[in-house]
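Structural characterization, general
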Amino acid sequence: SEMCIRDSLLLIPTFSEGKNGYLTSLGKEKPTPVRLQLKPEDKMKYAILKENFTPARFDESQSGQESFIVSSIGQYLITWSLKHIITGKKFDYDIKKLPDKIVSNEFKFNAQDSLYVALPYEVKVQKTKVK
């Protein structure tokens, strides 16, 4: 699950030592949340002064395994790989500028390389580059 903060997304792990936090209390075994945010140089490069992430979404597949997270700020679509986050590469993301402010974004079911992106006056299918 995720929580939207002004300048970052907080990824809260729900599994630890083979235990599912939705089914049993993790107690002292709770994993440390991971804070996802943009690199300072990307904030400058893309002139992102006021950060308001849209709610993050995970990809969904028939296997039930999640591999990616997507969110946006203004007209920038940001995609992270969970594999990279787990190995400590939380600043390894793909950022793409779209023609207008992004209202909402979500992965196409069972298609990690496609996102539905809602702009104020249209919906686009956007290809992703994150591996």
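Residues numbered from 1 in each chain as written. Predicted model: local features only at pLDDT ≥ 70, side-chain atom pairs only at ≥ 80, totals over all residues. Heavy atoms only, no water.

Quick look at the environment of Lys30
Inclusion rule: Where helices and strands are cited, they refer to DSSP runs of H or I of at least four residues and of E of at least two residues respectively, numbered from the N terminus.
Relative to the elements of secondary structure, Lys30 occurs in the loop between β4 (19-20) and β5 (34-36). Sequence separation between Lys30 and Ser16 is 14 residues, and the spatial gap between their C-alpha atoms is 6.6 Å.

Considerations on the nonpolar core
Heads up, the rule is: What makes a nonpolar core is a set of buried Ala, Val, Leu, Ile, Met, Phe, Trp, Tyr and Cys residues whose side-chain atoms join them at distances within 4.5 Å. Buried residues are those whose accessible area, probed at 1.4 Å on protein chains only, stays under 20% of the maximum for their type, while exposed residues exceed 50% and partly exposed ones sit between those limits. Only heavy atoms matter for contacts: two residues are in contact if any of them lie within 4.5 Å across the pair.
Formed by 17 residues in total, the largest nonpolar core has its most connected members in Leu38, Phe53, Ile69, Ile78, Trp80, Ile85 and Ile95. Secondary structure elements with two or more residues in this core: β2 (8-11), β7 (68-73), β8 (76-81), α2 (82-86) and β9 (93-97). Setting aside residues no more than four positions away along its own chain, Ile85 makes contact with Leu11, Val34, Leu36, Ile69, Trp80 and Lys90. By size, the runner-up hydrophobic cluster in this structure holds nine residues, among which are Val70, Leu77, Ile102 and Leu115.

Remarks on the packing of aromatic side chains
Formally: In summary, the pairing rule links any two rings of Phe, Tyr or Trp, Trp by its six-membered ring, whose centres are within 6.5 Å, and it sorts them by plane angle into stacked for under 30 degrees, edge-to-face for over 60 and tilted for everything else. The rule for a charge over a ring is simple: NZ of Lys or CZ of Arg within 6 Å of the ring centre, and within 35 degrees of the ring normal.
The tally for this structure, following the rule as stated, stands at three aromatic pairs. A centroid spacing of 6.2 Å and a plane angle of 45° characterise the contact between Phe53 and Trp80, whose relative ring orientation is tilted. Taken together, the residues Phe53 in the loop between α1 (40-45) and β6 (57-58) and Trp80 in strand β8 connect sequence positions 27 residues apart. Relative accessible area serves as the criterion here: at 0%, Trp80 is assigned to the buried category. Taken together through their ring pairs, the aromatic side chains of Phe53, Trp80 and Tyr93 make up a single cluster. Sitting over the face of the ring of Tyr93, Lys39 holds its NZ or CZ atom 5.5 Å from the ring centroid.

Purely geometric numbers; function is a separate question.
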